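# Overview (structure and organization)
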Amino acid sequence: MAVNYFNYLRKEKMPHIWCAGCGHGMIVKSIIRAIDKLGWKNDEIALVSGIGCSSRTPGYLDFHTLHTTHGRALAFATGIKLAKPNLKVIVVGGDGDMMAIGGNHFIHACRRNIDMKLIVYNNNIYGMTGGQASPTTLTDAKATTAPYGFLEEPFDVCNMAIASGATFVGRALDLDVPLMDRVILESFKHKGFSVVDAWSQCPTYFGRFNKWGSASEMMERYKQIIYNIRQKDQLSEEEKKGKYPVGILHQIERNEFCERYQKLRDTLKGKEEAE
Amino acid sequence: MQEKKNIKFLSGNEACGEGAIVAGCRFFGGYPISPSSEIAEFMSKRLPLVGGTFIQMEDEIASIGAILGASLAGVKSMTATSGPGLSLMQENIGFGAMAEIPTVIVDVMRGGPSTGNPTGPSQSDVMAIRWGTHGDYPAVALCPESVNEVFLLTIEAFNIAEFLRTPVVLAMDEITAHMREKVELLKESDVKIVNRKKPEKMPYLPYEYGEDLIPPLPGYGEGFRFHVTGLNHDKTGFPTNKSELMEEGNRRIMEKLDKNKDKVIKHEEFMTEDCDILVVAYGSSARAAKRAVRTAREKGIKAGLFRPITLYPLSEKALQKAAGKAKKVIVPEMNLGQYILIVERVIGHGFPIIGINQVDGEPISPSKILSKIEE
Amino acid sequence: MAQRFEIRLAGSGGQGLVLGGIIFSEAAAIYDGRHATQTQSYGPESRGGASKSEVVISDEEVDYPKATNPDVVLLFTEAAKEKYLPLCKKDAIIIADADLVKSEIPSEYKRVVKVPLTRIAKESVGREFVANIVALGLIRELTKVVSEESLEKALLKRIPKGTEELNKKALQLGKEAAYKYGEHILKG
């Protein structure tokens, strides 16, 4: 059955303010399809964001929504989830939000393994503030604060997440809708902290500064620097060099924090009663 | 049958934890910092026993984020820190004020600026508490002078936060935090507990207010879906850049405190009825001041003490009245002259207002205050 | 003004002076039903830095919680003696650990008791770390500012399980030391 998106969107907030060619709307639709498939009710979802283009999402979705300060979405979300573990907590943020100002919260959220779903809308640039370089801006790429090209190395969101202890890590491009749907759906099904590095193009700034062309031309560019994780063993090291794998990259089982904490409460209660 | 009083010999930090539990606090997010860490230690031990949650966050920015999130989810929350941590929290203290989220921030003051003096008493945050975050916001801060008062004011801090729907600071210092003395632990049934007003009907607009200017607040997941942002917003909770709505919103969060301040303000007066010399002191400095005033009276000098218990808002009328006949006002504080600026604004005309300022990590002694009284 | 009684315990971190102050003041406040405060100042070190613990006992509520002119001063290191002896009033009871404070205490101080507290703890109880408890027994006997029963109750409440006998013995040794080393004070 077709998904009725308006069951999840705040109609009065449409149309959204994202630029023509921006991929953020496609990510939101993938999120909605996953929620719809899982049968989550609007009232049991808290959606938390930081600041930036990605963080327009909470305004558009009809859940309990929280538009926090720049980088702090995971900190607020941690409080919500621990206070009401029965809520489904989805966190969205941009590459600046999660990898720069919120980097510390990101790595500790991965380490704690609280059952929250993070989606990083990664477009390699600060869109809302006018196209400045971000921690995922590609080396040598241009931005308003890197007029001669970006001299630094970018973070790989997924490698960061895996190294920090996230129990589900995946990546997908907005252009590959079925894969984005699958990665987000599986991340929502996962018990524990999940990270999805959702690539989205920014033709307004990144595309224009770097002469990458229109949104569809940008998608073609991105396609050149990825490979599907399923082909990992078929491709040579040479073929994979400098490229990013997409798909479900990492999934393990580890104690989830809320469950652990509940167990602690139960144990202490047992001890108290015994005394 | 009258129950026996539950008198304990506790430190201020322990009493703060006890008060928080009685007030209904069931979430604590914090980061260790002297001289406040014993509060986090207490909460980590106690909260899981009462169905609550403790979490040690990665820093103070995350701590305040977590407690604001927990509060939005409908659970009373608290953090505890000291100056350097307070500086880091300022960002989201502003968020709490703007989005009107009740929570309690305990600031056990230490010397500054920067790392300053972690182990000595200080009162150097009283202006940071008032003006620390950017923008205009309704600052509420309580300042206890004894361990027993720490217990009571912690409960009061929660009550005010819940009533006004705003973050409240409990400003302690190393002495009120680490000093041990008698405290009467009251049960929940023996104290007034205020819980936030909840909406009664759908549709719910999160920033629609009545006469008291305080909008009701449900918890996430309780059937009232709503949006919260730190941007200027209208009654619906969504961002607005309409001039008149921005003006209205910014003014209302200030006016809700002003309108309800009589329900919040607390102060103590000691021998002020006929005083020639008025000492204005708060926190542990007020105890030195009280001793100095007593000694002065024994010597026939008409001294009195005015102690603001709510630093913000201050009972301005009462202070003006207490200073009415005074020829001299003395303001001792463990900083280089912060609260004196407020005293000057409120009563500052016609007579000298003298500060006693000390930033050496030692408390101000009664004899130092006495000699200024005698001067 | 209500009678205030002030005690200052000065030494270094790890000597148990803060705990000693807590036990003594709790004995007064909770078990004797009077008023008391215990405060402290310390350095950043958990062990070894300068440490000071103060107790104020009164029949009325204690206003200023720190010692201003202590009636009893315990000096547990040479450094503590250097720093705090000059601040002592001449008729204060000054207790110094005979082995840890080797330098002389001038004769202008009339009520000085030199006791090998740490040695007593080590030799008689076998545990150096109960020197603080020996000191509490000594101070109580010299001043009678708290009752013997209250001090013992407060002590037993604050110490680890299994060390009760050890600590009670330390307290008793302190009491005995009062007669052995402090008779001049007991006689007034």
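If you're wondering where the values come from, they're calculated on a predicted model, not measured in any experiment.

A few words now on the overall build of chain B. Check the secondary structure of chain B and you find 12 helices and 15 strands. Relative to the compact-globule value of 21 Å for 375 residues, chain B shows a C-alpha radius of gyration of 21 Å, a close match. Expressed as lengths along the three principal axes of its C-alpha atoms, the size of chain B is roughly 65 × 50 × 50 Å. Going through the 375 residues of chain B one by one, you find that 59% of them count as buried. For chain B, contacts bridging at least 24 residues in sequence account for 77% of all contacts bridging at least 6.

With that settled, consider the overall build of chain A. Helix and strand content of chain A: 11 helices and eight strands. A compact globule built from 275 residues should have a C-alpha radius of gyration of about 19 Å, and chain A, at 19 Å, falls within 12% of that. Dimensions of chain A along its principal axes, counting C-alpha atoms only, are 70 × 50 × 40 Å. Considering chain A as a whole, with its 275 residues, one finds that 50% of them fall into the buried category. Of the contacts formed within chain A by residues at least 6 apart in sequence, a portion of 64% connects residues at least 24 apart.

To continue, consider the sheet that holds strand 14 (residues 328-333) of chain B. All names here are of chain B. In space, the five strands of this open sheet follow the order 10-12-11-14-15, with mixed pairing throughout. Among the strands making up the open sheet, the edge pair consists of strand 10 (267-270) and strand 15 (353-357). Sheet twist, expressed as the mean angle between neighbouring strand axes with direction ignored, is 20 degrees. Two strands pair when backbone bridges link them, and strand 14 and strand 15 are joined in this way by five bridges, in the parallel orientation. Of the residues in strand 15, the one forming a bridge with V329 is I353. This element, helix 11 (residues 339-347), spans strand 11 (277-280), strand 14 and strand 15 of the sheet and lies at about 155 degrees to strand 14.

Looking now at the packing of helix 3 (residues 60-72) of chain B against helix 4 (residues 83-99) of chain B. Residues and elements named next belong to chain B. Look at helix 3 against helix 4: their axes get within 7 Å of each other, and the N-to-C directions meet at 30 degrees. When the interaxial angle is binned, helix 3 and helix 4 end up roughly parallel. At the point where helix 3 passes helix 4, the crossing takes the right-handed sense. Judged by residue contacts, E60, I61, I64, G65 and L68 of helix 3 engage G85, L88, M89, E91, N92, I93, F95 and G96 from helix 4. Classifying every residue of the contact of helix 3 with helix 4 gives seven nonpolar, four polar and two charged.

With 18 residues, helix 6 (residues 147-164) of chain B extends 25 Å between its outermost C-alpha atoms, agreeing within 8% with the 26 Å of an ideal straight helix rising 1.5 Å per residue. The buried fraction of helix 6 of chain B amounts to 17 of the 18 residues, a majority that puts the element mostly inside the structure.

Contact with chain C, which involves 20 residues of that partner, is made by 19 residues of chain B. Contributions of two or more residues to the side of chain C that touches chain B are made by helix 1 (17-31) and strand 2 (35-42) of chain C. Sheet topology note: the strand 8 (residues 180-184) of chain B/strand 2 of chain C ladder contains two bridges and is antiparallel. Looking across to strand 2 of chain C, one finds that E181(B) is bridged to T37(C).

Another aspect to go through is the pairing of strand 14 of chain B. Residue and element names in this part refer to chain B. Across the six residues that make up strand 14, a large majority, five, are buried. Alignment of strand 11 against strand 14, held across three bridges, turns out to be parallel. Each residue of the ladder has a partner; that of V279, found in strand 14, is I330. Crossover connection from strand 14 via helix 11 to parallel strand 15: handedness right-handed.

Right, let's get into the arrangement of the chains. Contacts are most numerous, across the two pairs of chains in contact, for chains A and B. One thing to see here is that chain A and chain C don't touch, and their nearest C-alpha atoms sit 17 Å from each other.

The interface is formed by 32 residues belonging to chain A together with 36 residues belonging to chain B. Of all the elements in the fold, those that place two or more residues in the side of chain A that touches chain B are helix 2 (57-60), strand 2 (64-67), helix 3 (73-83), helix 5 (103-112) and helix 11 (257-274) of chain A. In terms of residue class, the side of chain A that touches chain B is built from 14 nonpolar, 12 polar and six charged. Relative to strand 9 (residues 227-229) of chain B, strand 2 of chain A runs parallel, the two sharing three bridges. Bridge assignment links H67(A) to a residue of strand 9 of chain B, and that residue is T229(B).

A word on the nonpolar core. In terms of nonpolar packing, the biggest core is built from 247 residues, with I80(A), A171(B), V279(B), L75(C), I95(C) and V134(C) touching the most fellow members. Residue contributions to this core peak at 12 residues, all from helix 6 of chain B. Each of two domains, domain 1 (1-264) and domain 2 (268-374) of chain B, supplies a minimum of three residues to this core. Apart from the residues within four sequence positions on either side, L75(C) is in contact with A10(C), A80(C), K81(C), Y84(C), L85(C), I94(C), I95(C), A96(C) and V101(C). Residues W18(A), A133(A), F150(A) and C202(A) belong to the second largest nonpolar core, which totals 12 residues.

Below, the discussion takes up the pairing of strand 5 (residues 103-109) of chain B. All names here are of chain B. Most of strand 5 sits inside the fold, with seven of its seven residues counted as buried. Where strand 4 (residues 77-81) lies against strand 5, four bridges are found, and the strand directions are parallel. Each residue of the ladder has a partner; that of A80, found in strand 5, is V106. Pairing of strand 5 with strand 7 (residues 167-173), which is carried by seven bridges, proceeds in the parallel orientation.

This part is about the environment of A77(A). Structurally, the position occupied by A77(A) is in helix 3. Separated by 28 residues in sequence, A77(A) and S49(A) have C-alpha atoms that sit 8.7 Å apart.

With that settled, consider helix 6 (residues 157-164) of chain A. All names here are of chain A. Taken together, the buried positions of helix 6 are V157, C158, M160 and A161. Projection of helix 6 onto a plane perpendicular to its axis shows the buried side chains occupying an angular sector of 160 degrees, all on one side. Looking at the buried residues of helix 6, the elements they touch are helix 4 (95-101), helix 5, strand 4 (116-122), strand 5 (168-173), strand 6 (194-199) and strand 8 (244-251). Directly beyond the C-terminal end of helix 6, a positive phi value near 110 degrees is found at G165.

Residues and elements named next belong to chain B. Mapped onto the fold, N117 is located in the loop between strand 5 and helix 5 (126-131). Looking at N117, the number of C-beta atoms within 10 Å reads 19, which means it is partly exposed. Spatially, the C-alpha atoms of N117 and G83 are 9.9 Å apart, while their sequence positions differ by 34 residues. Excluding anything up to four places from it in sequence, N117 contacts R110, G111, S122 and G361.

Quick look at the domain arrangement of chain B now. Residues and elements named next belong to chain B. The domain architecture assigned to chain B consists of domain 1 (1-264) and domain 2 (268-374). Computed over C-alpha atoms, the centres of domain 1 and domain 2 are 28 Å apart. At the interface, 23 residues of domain 1 touch 22 residues of domain 2. Taken together, the elements giving at least two residues each to the side of domain 1 that touches domain 2 come down to helix 5, strand 6 (141-142), strand 7 and helix 7 (174-178). A per-element tally of the side of domain 1 that touches domain 2 places helix 5 first, with three residues.

About the cut-offs
Residues numbered from 1 in each chain as written. Chains lettered and ligands numbered in written order. Predicted model: local features only at pLDDT ≥ 70, side-chain atom pairs only at ≥ 80, totals over all residues. Helix = DSSP H or I, 4+ residues; strand = E, 2+ residues; numbered from the N terminus. Rg over C-alpha atoms; globule rule 2.2 N^0.38 Å. Buried ≥ 20, exposed ≤ 12 C-beta atoms within 10 Å, placed from the backbone. Contact = placed C-beta atoms within 7 Å. Pairing = 2+ DSSP bridges. Axes fitted to C-alpha atoms, helices over the stretch in contact; angles between N-to-C directions. Parallel < 35°, antiparallel > 145°, perpendicular 65-115°, else oblique. Left-handed = near helix turned anticlockwise from the far one by under 90°. Nonpolar A, V, L, I, M, F, W, Y, C, P; charged D, E, K, R; others polar. Expected span 1.5 Å × (residues − 1). Right-handed = clockwise from strand over helix to strand, strands pointing away. Core = buried A, V, L, I, M, F, W, Y, C linked by C-beta atoms within 7 Å. Domains from an automatic or database assignment. Arc of directions from axis to C-beta.

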